[in-house]
Amino acid sequence: MGKLSLAVVMILVATVAAYPSKPSFLGCQSSEDCGVDECCVLGMMRYSVPTCRPLGEEGDTCRPHSGDVQPKNITVTYPDGSSADLYVHTILCPCATGLECSDGMSCTGLDGAGKLLLREDYTDVDDLNHLRR
């Protein structure tokens, strides 16, 4: 019976080590954890904690040609030994739908598209035009 108990304990320890729990202090692990007009961002400082930030509105600073429109898979580890697999943007959120990051490093309207548009919520142009009035 002692060998069986030892085997069970070893299996439990191996399982916990293979599947670490998400640290409770994380604000988000992906943009799906954030509001509709936000994204999950990880800073560049050591031990940065990802947080939900607003998508870039017209005139906001952005990173042109950075390839950061799509989030990246990143595994982070913290001093307490906790770790998490993230799917996040780095430093800044991309510009909101209907805006692009210009070479001047600011979110600007596409073909005169105007102000911030909600993400995928509206696809009908008439609905979008109604929101601008």
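Residues numbered from 1 in each chain as written. Predicted model: local features only at pLDDT ≥ 70, side-chain atom pairs only at ≥ 80, totals over all residues. Heavy atoms only, no water.

- Named according to an unreviewed UniProt entry, the chain is Prokineticin domain-containing protein originating from Aphis gossypii.
- Regarding the chain, the UniProt comment filed under Subcellular location (unreviewed entry) reads as follows: "Secreted". (UniProt positions renumbered as here; feature names shortened; annotations may be inferred.)

Re the overall build of the chain
Item 1. A count of helices and strands for the chain gives 2 helices and 6 strands.
Item 2. Seen in sequence order, the chain has helices and strands lined up from the N terminus as α-β-β-β-β-β-β-α.
Item 3. The buried share among the 133 residues of the chain stands at 29%.
Item 4. Of the contacts made within the chain by residues no fewer than 6 positions apart, 54% connect residues no fewer than 24 positions apart. (Helix = DSSP H or I, 4+ residues; strand = E, 2+ residues; numbered from the N terminus. Buried < 20%, exposed > 50% of the residue type's maximum accessible area, 1.4 Å probe, protein only. Contact = heavy atoms within 4.5 Å.)

Describing the sheet that holds strand β4 (residues 83-90)
Item 1. With respect to topology, 4 strands assemble into an open sheet ordered β2-β1-β4-β3, the strand pairing being mixed. Either end of the sheet is taken by a strand with one partner, and the two such strands are β2 (51-54) and β3 (72-77). Mean inter-strand twist for the sheet, computed between neighbouring axes without regard to direction, equals 55 degrees.
Item 2. The pairing of β3 with β4 spans 6 bridges and is classified as antiparallel. Bridge pairing in β4 places Ile74 opposite Leu86. (Pairing = 2+ DSSP bridges. Axes fitted to C-alpha atoms, helices over the stretch in contact; angles between N-to-C directions.)

Some details on unusual backbone geometry
Item 1. At Tyr47, a position not held by glycine, the phi torsion is positive, near 65 degrees.
Item 2. When you line up the elements, Tyr47 lands in the loop between β1 (38-42) and β2.
Item 3. On the accessibility criterion, Tyr47 (39% relative accessible area) is partly exposed.
Item 4. You will see that Ile91, though not glycine, has its phi angle at about 70 degrees, which is positive.
Item 5. Ile91 gets classed as partly exposed once you look at its relative accessible area, which sits at 44%.

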